[in-house]
Amino acid sequence: MRLLNHDAPPPRRLDLRGPARISATVTDQDAAAIYVVPSCPVDILDARVETEKPVICWEPAVSEYHVWEARVYGADAVLIGARCALFDELYELIENLGMKPIIEVRNERDALGAVAQRARLVHVQMSRYPAESLAPGTVTIARPGLPADVVLVPRPAP
């Protein structure tokens, strides 16, 4: 399985600090990264060849297979749930493959727990918050207890 890693394109630098936006449109000039909710892994590859921006696999990984698949098809970052049973293993595998783990949390308690387990990119699962308080491309939850070096990954723009 490790041989597949050598065939994958090298990861791109993912920087989501500041007013960074994530978009599904590869032609979005203002986007810092492109997200893909893959119906099949080739969707990741299609986005990868269409843009120089980092590509995020926005389907939460639940097994090592999902992580390897995302890497082989060229993802630069992978979403994993803070409550995933294999959180530690998947987090370490994602980093070892040169990608960035983005931790999906549902509340501040999850966020603090993920950060305690070394997470540095945190996405808040938006369905838990009133839609009118969340503009695309922004995160409006409070940051109490989160270290300054933790980046709240913005809601993807359609």
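What you are looking at is a predicted structure, and each value in this text was computed from that prediction instead of being measured.

1. As for the nonpolar core
The nonpolar side chains of soluble globular proteins are, as a tendency, buried together.
Next, step 1: Judged by nonpolar contacts, the single largest core of 32 residues is most densely connected at Val67, Val78, Ile80, Ile103, Val105 and Val122.
Next, step 2: Where this core is concerned, the elements lending two or more residues are helix H2 (42–50), strand E3 (55–61), helix H3 (64–72), strand E4 (77–81), helix H4 (87–96), strand E5 (100–105), helix H5 (108–116) and strand E6 (121–124).
Next, step 3: The dominant element in this core, judged by the number of residues it contributes, is H4, at five residues.
Next, step 4: Residues within four places of valine 122 in sequence aside, it is in contact with Ile103, Val105, Ala111, Val115, Val150, Val151, Leu152 and Val153.

2. What about a negative patch on the surface?
Next, step 1: On the surface, Glu64, Asp88, Glu89, Glu92 and Glu95 cluster together into a patch of negative charge.
Next, step 2: With four residues, the top contributor of residues to the negative patch is H4.

3. Re the packing of aromatic side chains
Next, step 1: Summed over the entire model, instances satisfying the criterion amount to two aromatic pairs.
Next, step 2: Pairing phenylalanine 87 with tyrosine 91 gives two aromatic rings, centres 5.7 Å apart and planes at 40 degrees, and the pair type is tilted. Placement of both phenylalanine 87 and tyrosine 91 in helix H4 is noted, with a separation of four residues, approximately one turn of the helix. With respect to burial, phenylalanine 87 and tyrosine 91 carry one shared label: buried.

4. Here's the deal with H4
Next, step 1: Inspection of H4 places Phe87, Leu90, Tyr91, Leu93 and Ile94 among the buried residues, and these make up the whole buried set. Down the axis of H4, the buried side of the element spans an arc of 165 degrees, and every buried residue falls inside it.
Next, step 2: Where H4 is buried, its residues contact E3, H3, E4 and E5.
Next, step 3: Where H4 ends, the next residue or the one after it, glycine 98, has phi of about 85 degrees, a positive value.

5. Some points on H3
Next, step 1: Of all the positions in H3, only Val67, Trp68, Ala70 and Arg71 are classed as buried. What you see down the axis of H3 is that its buried residues fit within an arc of 160 degrees, all on one side.
Next, step 2: One or two residues past the end of H3 sits glycine 74, with phi positive at roughly 100 degrees.

6. Considerations on the environment of aspartate 30
Next, step 1: Along the chain, aspartate 30 falls in the loop between strand E1 (22–23) and strand E2 (33–36).
Next, step 2: Judged by its relative accessible area of 64%, aspartate 30 is exposed.
Next, step 3: Sequence separation between aspartate 30 and alanine 20 is ten residues, and the spatial gap between their C-alpha atoms is 8.2 Å.

What counts as what
- Residues numbered from 1 in each chain as written.
- Predicted model: local features only at pLDDT ≥ 70, side-chain atom pairs only at ≥ 80, totals over all residues.
- Heavy atoms only, no water.
- Core = buried A, V, L, I, M, F, W, Y, C linked by side-chain atoms within 4.5 Å.
- Buried < 20%, exposed > 50% of the residue type's maximum accessible area, 1.4 Å probe, protein only.
- Helix = DSSP H or I, 4+ residues; strand = E, 2+ residues; numbered from the N terminus.
- Contact = heavy atoms within 4.5 Å.
- Patch = residues over 30% accessible without salt bridge, like charges linked within 9 Å, V, L, I, M, F, W, Y side chains within 5 Å.
- Areas by Shrake-Rupley, 256 points an atom, 1.4 Å probe, with all protein chains shown as cover.
- Salt bridge = Lys/Arg side-chain N within 4 Å of Asp/Glu carboxyl O.
- Lys, Arg positive; Asp, Glu negative; His and termini not counted.
- Charge placed at Lys NZ, Arg CZ, Asp CG, Glu CD.
- Phe/Tyr/Trp six-rings, centres within 6.5 Å; stacked < 30°, edge-to-face > 60°.
- Arc of directions from axis to C-beta.

By themselves, these figures tell us nothing about what the structure is for.
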